[in-house]
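# A structural walkthrough
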Amino acid sequence: MPRIALRDGETINVICIGQGEPVVLLHGFGSCAAHWLPNVLPLVHRFRFYLPDLRGFGGSHISDVVHFADRIVTKYKPKLIYLNAGGNDLHSGRTPEEVLASFEAFVAKVQKDLPKTKLAFLSIPTSPSRWDEVELVKTTNSLISASCAKNGVDFIDIFPLL
């Protein structure tokens, strides 16, 4: 499995699987790259998937995605990016407005560096262990949904499914 070296000497894993047009899938909430596999395996004959394990397994923030975008996203020139992140940002004390700012920074970077790449955001879920944060999650999802509508980004609302 390829690894990407980070500035501080640490590395992250990247699963590369499939053939065809490149697609980068980024995880966010208490997850890892391997959790995408059940979703991508049926599509490996059509797409080449890049699945980075974002630093801080179970604790990555949208700001991490922005900071490492050149290494984990733009260098692969994907046609489509699905992003799911933000819950850990809220859990660590960031406000919905701060999460929105990080999200918009990522959108701006992708739209500048990869203008033909389609971007979709999967809404921030919540879990029983973080139920006390549900209103922050709803507020953040609402802010991000509005930003998506304004900036041509698809918003996929998975919150009601949980």
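In this text, all values refer to a predicted model and were calculated from it rather than measured experimentally.

### Focus on unusual backbone geometry
Not every positive phi belongs to a glycine, and Lys77 is a case in point at roughly 50°. Examined against the element boundaries, Lys77 turns out to sit in the loop between helix H3 (69-72) and strand S5 (80-83).

### Side note on the sheet that holds strand S7 (residues 154-156)
Sheet architecture is open: seven strands sit in the order S1-S2-S4-S3-S5-S6-S7, paired in mixed fashion. Strand pairing shows two members of the sheet lacking a second neighbour, strand S1 (3-5) and S7, which therefore form its edges. Put simply, the sheet's adjacent strands are angled 20° from each other on average, direction ignored. Judged from the four bridges that link them, strand S3 (residues 21-26) and S5 form a sheet pairing that is parallel. Its bridge partner being in S5, Val23 is matched across the sheet by Leu80. Sheet strands in contact with helix H5 (residues 96-113) are S3, S5 and strand S6 (118-122), and its direction is about 175° off that of S5.

### A word on the packing of aromatic side chains
Applying the stated criterion across every chain, the model contains four aromatic pairs. Between the aromatic rings of Phe103 and Phe121, the centroid separation amounts to 5.1 Å while the plane-to-plane angle is 70°, which identifies the pairing as edge-to-face. Separated by 18 residues along the polypeptide, Phe103 in helix H5 and Phe121 in strand S6 bring together distant segments of the chain. A relative accessible area of 0% places Phe103 in the buried class. Through a chain of ring-to-ring contacts, the aromatic side chains of Phe103, Phe121 and Phe155 assemble into a single cluster.

### Here we look at the pairing of S3
Of all the six residues making up S3, five are buried; the element is thus mostly covered by neighbouring parts of the structure. Alignment of S3 against strand S4 (residues 47-52), held across four bridges, turns out to be parallel. Across the sheet, Val23 pairs through a bridge with Phe49, a residue of S4.

### So, the pattern of salt bridges
Throughout the structure, instances matching the rule amount to six salt bridges. Residue Lys109 pairs with Asp113 through a salt bridge whose shortest N-O separation is 2.4 Å. Of the two residues, Lys109 and Asp113 are both situated in helix H5; the distance of four residues between them amounts to about one turn of the helix. We note a salt bridge from Asp113 to Lys112, for which the minimum N-O separation is 3.4 Å. Since its relative accessible area comes to 28%, Asp113 is described here as partly exposed. Note on Lys112: relative accessible area 68%, which makes it exposed. Among the ionic contacts, a cluster of salt bridges with common partners joins Asp70, Lys109, Lys112 and Asp113.

How each quantity is defined
Residues numbered from 1 in each chain as written. Predicted model: local features only at pLDDT ≥ 70, side-chain atom pairs only at ≥ 80, totals over all residues. Heavy atoms only, no water. Helix = DSSP H or I, 4+ residues; strand = E, 2+ residues; numbered from the N terminus. Pairing = 2+ DSSP bridges. Axes fitted to C-alpha atoms, helices over the stretch in contact; angles between N-to-C directions. Contact = heavy atoms within 4.5 Å. Phe/Tyr/Trp six-rings, centres within 6.5 Å; stacked < 30°, edge-to-face > 60°. Buried < 20%, exposed > 50% of the residue type's maximum accessible area, 1.4 Å probe, protein only. Salt bridge = Lys/Arg side-chain N within 4 Å of Asp/Glu carboxyl O.

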